[in-house]
Amino acid sequence: MTLHGVIATLSRASTFDRALACAGRDADFSLTEGLRAPVLAALLEQRARLGKAPALLVITATGRESEYLHDNLDCFTEDAEIIGFPAWETLPHERLSPSAEIVGKRLFALRRMREWEEADPSVRRPLIVIASVRAALQPVADNLTDFAPIVLTAGARGHDLSAIAVQLVELAYTRVDMVTRRGEFAVRGGILDVFPSVAPHPSRVEFFGDEVEQIRAFSVADQRSLPEPVASVSLPPSRELLLSPAVRQRAREMQHEFPSLAGLLAKIAEGIPVEGMESLAPALVDRLVPITHYLPAEAAVAVVSPERVASRAISLAETNREFLGAAWSAATAGADAPIDLESGDFLTLGRLRESVTHTAPGAPASAHVWWTFRLLPGRPDGCPSAARAPRNRRAPHHPGRGRGGPELPGQRRGRHRPPQRPAQGRLDGRRARSGRGARRTRRRRARRARTPRPDRDRMAVGTGTRHRLPAESIRRPRFRTRRDETEPRQRVRVLRPHGRLRRSPGEEAREPAQERRRPAAGSRPATTSCTRPTASAGSSN
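Because the structure is predicted, anything quoted here is derived from the model rather than measured.

1. What to know about empty space enclosed by the protein
Working step 1: Applying the stated criterion to the full structure yields three cavities of 30 Å³ or more.
Working step 2: In this structure, the largest cavity occupies an estimated 150 Å³ of space.
Working step 3: Around the largest cavity sit 16 residues that line it, and Trp88, Pro139, Glu278, Ala281 and Leu288 are the ones nearest its centre.
Working step 4: Of all the secondary-structure elements, those providing two or more residues to the lining of the largest cavity are strand E5 (140-141) and helix H10 (281-284).
Working step 5: For the lining of the largest cavity, the class distribution of residues is ten nonpolar, four polar and two charged.

Below you can see the structure in the form of structure tokens.
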């Protein structure tokens, strides 16, 4: 969906015009969240009208925000080229390699920025690169665009299959018997199977001598070729640490300095890509540079939510520093000197801005601009966001009315309730009702009032008298513990003052017949006391 016409409508506002006037200089914008994409698109168009390079690098706090902004900018720009620059799934000093797909997307973005700068200004489209703070603050090698990808076209001549295999090894491809993952290739006779890092399917290239006879994509599951032919295939590097002759020589020299890393360095010296070799990039490559090193001249940099970006940058740097000290202290044990990998740590937001606005001594002045986009503290209607009620907090409930306040005439809130009769009187602090149920309730409450409570009074069973004892001498009920729960529950029966045994119908049905017999004439039951506060038959109806 295209919303480019919204920018023309927004430009009628005076505040929007004042924002567009800052297209050629550093500025700090405060706006609502929904205006970020329209303002970025309008500023990019304004820079093109002023004759400046319509290139933009957007830095967000998280990768999810970068994807969300990517979709929004696609709606507000007509012909702009929007590219994502993802971050590694691993930390820079972690001895794990990022996936070939992530590396392919990163290298494509860096190579596209260099190609866009070298293209003719009259035919190039606006360029937008979106990166999270984790991707923007990680240093990269300064020679990633020096190795051009291998391009094979159907019907082209002059190709040597053995030389192409050697070039693929230099581009950090792994030679295997059967291709199953990105960054792998296999050679069988005159057929080359290769899986590029950014392609959805691997490609099968058939050679007839030095001519590319046919190119087809094939399935990884069954290794069968797909019916649609492919015109050409591009094979970019699959790793960010390219095994150039200088990198191999440096790996050979480090084998004697760090004996514990001899196995890893030996494979790199032989030109074999190994898992986790990117963690040694600060020691193997000549120089690591920020991503702004690849930015086109006069490109702009926009930071969305700078407070969150700065806090995220500090957290990333601390985490990576702790991992560096824990992982490589044991790996370099026995070496003459600790390995220096500090240059591969995450940059700070201040250092990234210095790389944009400042240049080296003797170099021409930088024409880059730095924008920050802060979120307004209040909502568009003027009500502060902090005044909103939390979602989990319930509105107060009023008896007889719906939740959330009194009901308006003709308004139904929740389930419809029929109107209730006014209370005729009160009994024990509760509303009295009329009818059979009310009479039954009054009789039940009267019986409960006449029934003795074992925790307050003691009664001599069979005597018909009731003795009131002081509260100090009454044994209070104790709480049942787990051990008590295993014991059988004792049944306590309370006699009414006239001596009749009162039992519930259910209890009377459960007792044996011999227990329900009356005692013999002239016999007097033993005197016991009801001191255990268990459920008695006289207290329940």
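Having seen it, we continue.
2. As for the pairing of strand E11 (residues 211-218)
Working step 1: By the bridge criterion, six bridges tie strand E10 (residues 203-208) to E11 in an arrangement that is antiparallel. Of the residues in E11, the one forming a bridge with Ser203 is Ala217.
Working step 2: If you look at the hairpin formed by E10 and E11, you'll find two residues sitting between the two strands, and Gly209 has a positive phi there, around 75 degrees.
Working step 3: Where E11 hands over to strand E12 (residues 225-229), the hairpin turn is made up of six residues, of which Gln223 adopts a positive phi near 60 degrees.

3. Details of the nonpolar core
Side chains that are nonpolar tend, in soluble globular proteins, to be buried together.
Working step 1: Core analysis: the largest hydrophobic core is formed by 41 residues, its most contacted members being Ile59 and Phe85.
Working step 2: Aside from chain neighbours lying at most four places away, what touches Phe85 is Arg106, Ala109, Leu110, Val129, Ile130, Ala131, Ser132, Ala135 and Ile291.

4. Quick look at the packing of helix H8 (residues 245-257) against helix H9 (residues 262-269)
Working step 1: Interhelical geometry of H8 versus H9 gives an angle of 150 degrees and a closest axis separation of 8 Å. Between H8 and H9, the angle falls in the class roughly antiparallel. Of the two elements, H8 crosses H9, and the hand of that crossing is left-handed. Residues Val247, Arg248, Ala251, Arg252, Met254 and Gln255 of H8 pack against Ala262, Leu265, Ala266, Ile268 and Ala269 of H9.
Working step 2: For the contact of H8 with H9, the class distribution of residues is eight nonpolar, one polar and two charged.

5. Focus on the sheet that holds E10
Working step 1: Read from one edge of the open sheet, six strands run E7-E8-E9-E10-E11-E12, paired in mixed fashion. Taken across any chain shown, the strands that pair with only one partner, and hence form the sheet edges, are strand E7 (174-175) and E12.
Working step 2: Relative to the sheet, helix H7 (residues 161-170) contacts E7, strand E8 (184-188), strand E9 (191-194) and E10, its axis offset from that of E8 by approximately 160 degrees.

6. Quick look at helix H12 (residues 349-357)
Working step 1: Along H12, the positions that sit buried rather than exposed are Leu349, Leu352 and Val356. The arc that holds every buried residue of H12, seen down its axis, measures 60 degrees, which confines them to one face.

7. Quick notes on the sheet that holds strand E1 (residues 27-31)
Working step 1: The strand order across the open sheet formed by six strands is E1-E16-E15-E2-E4-E3, and the pairing between neighbours is parallel. Where the open sheet ends on each side, the last strands, each with one partner, are E1 and strand E3 (81-85). Taking the axes of each pair of neighbouring strands and ignoring which way they run, one obtains an average angle of 20 degrees across the sheet.
Working step 2: Bridge count between strand E2 (residues 55-60) and strand E4 (residues 127-132): six bridges; the pairing is parallel. Directly across from Ala55, in E4, lies its bridge partner Leu127.
Working step 3: Helix H3 (residues 36-49) contacts E1, E2, E4, strand E15 (300-304) and strand E16 (369-375) of the sheet and is inclined by roughly 160 degrees relative to E16.

8. Examining the pattern of salt bridges
Working step 1: This model, assessed by the stated rule, comprises 16 salt bridges.
Working step 2: The closest approach of N and O atoms between Arg106 and Glu240, which form a salt bridge, is 2.5 Å. Of the two residues, Arg106 is situated in helix H5 (residues 100-118) and Glu240 in the loop between strand E13 (232-235) and H8; the sequence distance between them amounts to 134 residues. Here the two residues Arg106 and Glu240 agree in accessibility, since each one is buried.
Working step 3: The partner of Arg188 in a salt bridge is Asp193, and the shortest N-O contact between them spans 2.9 Å.
Working step 4: Look at Arg188 and you get partly exposed, because its relative accessible area is 40%.
Working step 5: The structure contains a network of salt bridges with shared partners spanning Asp28, Glu307 and Arg374.

9. A short note on a positive patch on the surface
Working step 1: A cluster of basic residues, Arg436, Arg439, Arg440, Arg442 and Arg443, forms a positive patch on the protein surface.
Working step 2: Relative to the helices and strands, Arg436 resides in helix H13 (residues 436-450).
Working step 3: A relative accessible area of 65% means that Arg436 is categorised as exposed.

10. Some remarks on the packing of aromatic side chains
Working step 1: Summed over all chains, the structure comprises two aromatic pairs.
Working step 2: Judged by centre distance (6.5 Å) and plane angle (80 degrees), the ring pair of Phe29 and Trp371 falls under edge-to-face. Taken together, the residues Phe29 in strand E1 and Trp371 in strand E16 connect sequence positions 342 residues apart. Grouping residues by exposure puts Phe29 and Trp371 together as buried.
Working step 3: Arranged with centres 5.0 Å apart and planes meeting at 20 degrees, the rings of Phe29 and Phe373 form a pair that is stacked. With Phe29 in strand E1 and Phe373 in strand E16, this pair connects stretches of sequence that are 344 residues apart. Neither residue differs from the other here; Phe29 and Phe373 are each classed as buried.

11. Comments concerning unusual backbone geometry
Working step 1: Residue Gln223 is not a glycine yet carries a positive backbone phi of 60 degrees.
Working step 2: Residue placement: Gln223 occurs in the loop between E11 and E12.
Working step 3: One non-glycine residue, Ser305, adopts positive backbone phi at about 55 degrees.

12. Focus: the side chain of Ser66
Working step 1: Turning to its location among the elements, Ser66 is positioned in helix H4 (residues 63-76).
Working step 2: Beyond its immediate stretch of four places on either side in the chain, Ser66 contacts Thr60 and Ile130.

13. Things to note about the confidence of the model for the protein chain
Working step 1: Overall, the prediction assigns the protein chain a mean pLDDT of 75, with 68% of residues at 70 or greater.
Working step 2: In the model, residues 379-416 has pLDDT below 50 throughout and makes 23 contacts with residues more than four positions away in sequence or in other chains.

What counts and how
Residues numbered from 1 in each chain as written. Predicted model: local features only at pLDDT ≥ 70, side-chain atom pairs only at ≥ 80, totals over all residues. Heavy atoms only, no water. 1 Å grid on protein atoms, 1.4 Å probe; cavity = no way out; pocket = protein on both sides within 12 Å on 5 of 7 lines; lining within 4 Å. Points joined across faces, edges and corners; volume = space filled by probe spheres on them. Helix = DSSP H or I, 4+ residues; strand = E, 2+ residues; numbered from the N terminus. Nonpolar A, V, L, I, M, F, W, Y, C, P; charged D, E, K, R; others polar. Pairing = 2+ DSSP bridges. Core = buried A, V, L, I, M, F, W, Y, C linked by side-chain atoms within 4.5 Å. Buried < 20%, exposed > 50% of the residue type's maximum accessible area, 1.4 Å probe, protein only. Contact = heavy atoms within 4.5 Å. Axes fitted to C-alpha atoms, helices over the stretch in contact; angles between N-to-C directions. Parallel < 35°, antiparallel > 145°, perpendicular 65-115°, else oblique. Left-handed = near helix turned anticlockwise from the far one by under 90°. Arc of directions from axis to C-beta. Salt bridge = Lys/Arg side-chain N within 4 Å of Asp/Glu carboxyl O. Patch = residues over 30% accessible without salt bridge, like charges linked within 9 Å, V, L, I, M, F, W, Y side chains within 5 Å. Areas by Shrake-Rupley, 256 points an atom, 1.4 Å probe, with all protein chains shown as cover. Lys, Arg positive; Asp, Glu negative; His and termini not counted. Charge placed at Lys NZ, Arg CZ, Asp CG, Glu CD. Phe/Tyr/Trp six-rings, centres within 6.5 Å; stacked < 30°, edge-to-face > 60°. pLDDT = per-residue confidence, 0-100.

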